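Each chain, written out:
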Amino acid sequence: MTDTFASKFDKKRLSIAIHITILVLVVVFIINLIDVTYSRYESTANMNVQASIAVFLVDQGTSTASIALEGLEPSNQVYTYVINVRNYKDSIRTNVDLDYHIKFETTTNLPITISVYRNEDYSANATNIITSTSSRMDDDVYYKIYDTSQDYRFHYTTNEQDYYTIAVYYPLSNQNHPEYQGKIELLSVIITAEQVV
């Protein structure tokens, strides 16, 4: 009976099947090992995350974009985010000159400070364009408003872009305040565009 059972299997095919199974298991193990290693690398990576968004001004009106500032931790480092503002999207471009005003608004969940730089990266020599701050309350939520004093212009004849580097400082002195743990700060960019008359 043993001879008939063993004779039904081709030993060469059985050996190939076993080798393929072992190879697949090794590949799965390596992939899982790489994922674990990569996630460890990510958790210790530089905290200056670039979260880039774009706002397209092809007509007059108000445009708003938001960034959830997740993962902020008290630090001596500055977190930076980039916002691109353009007068075109794909093949569509504004058909009139536009003046636009930009301001920024944050929830007050965390004791952060922001500065904004137009067409400059964050550095000690960069010029902060924020000229005033105020606050407002809406549905029991306080917001801090960071405003600029200048309007900027896009021309309809060419594709143009401005970029804004937002530097967020969350002081290390807040590291022992459990009331801030797990809170997410929301940053909104509010742009009002008007046709040049």
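Since this is a predicted model, take the numbers as computed values, not measurements. (Residues numbered from 1 in each chain as written. Predicted model: local features only at pLDDT ≥ 70, side-chain atom pairs only at ≥ 80, totals over all residues. Heavy atoms only, no water.)

Caption draft 1: Layout of the overall build of the chain. Within the chain one finds two helices and twelve strands. N-terminal to C-terminal, the α/β element order of the chain is α-α-β-β-β-β-β-β-β-β-β-β-β-β. Relative to its 197 residues, the chain shows a buried fraction of 28%. Look at the contacts in the chain between residues 6 or more apart in sequence, and 81% of them connect residues 24 or more apart. (Helix = DSSP H or I, 4+ residues; strand = E, 2+ residues; numbered from the N terminus. Buried < 20%, exposed > 50% of the residue type's maximum accessible area, 1.4 Å probe, protein only. Contact = heavy atoms within 4.5 Å.)

Caption draft 2: Examining the side chain of asparagine 87 more closely. As for its position among the elements, asparagine 87 is in the loop between strand 3 (78–86) and strand 4 (88–89). A polar contact is formed between the side chain of asparagine 87 and the backbone nitrogen of glutamate 160, at a distance of 2.7 Å. (Polar contact = N/O pair within 3.5 Å; in protein donor to acceptor, adjacent residues only side chain to side chain.)

Caption draft 3: The arrangement of the sheet that holds strand 7 (residues 113–118) in detail. Taken together, the four strands give an open sheet; going across it, the order is 1-3-11-7, and neighbouring strands pair in mixed fashion. Each edge of the open sheet carries a strand with a single partner, namely strand 1 (53–56) and strand 7. If you compare each strand with its neighbour and ignore which way they point, the axes differ by 25 degrees on average. (Pairing = 2+ DSSP bridges. Axes fitted to C-alpha atoms, helices over the stretch in contact; angles between N-to-C directions.)

Caption draft 4: Molecular detail of the environment of serine 188. Along the chain, serine 188 falls in strand 12 (residues 185–195). As a C-alpha pair, serine 188 and isoleucine 145 span 43 residues in sequence and 9.4 Å in three-dimensional space. Setting aside residues no more than four positions away along its own chain, serine 188 makes contact with Thr64, Ala65, Ser66, Lys103, Phe104 and Glu105. At 3.2 Å, the side chain of serine 188 forms a polar contact with the side chain of serine 66.

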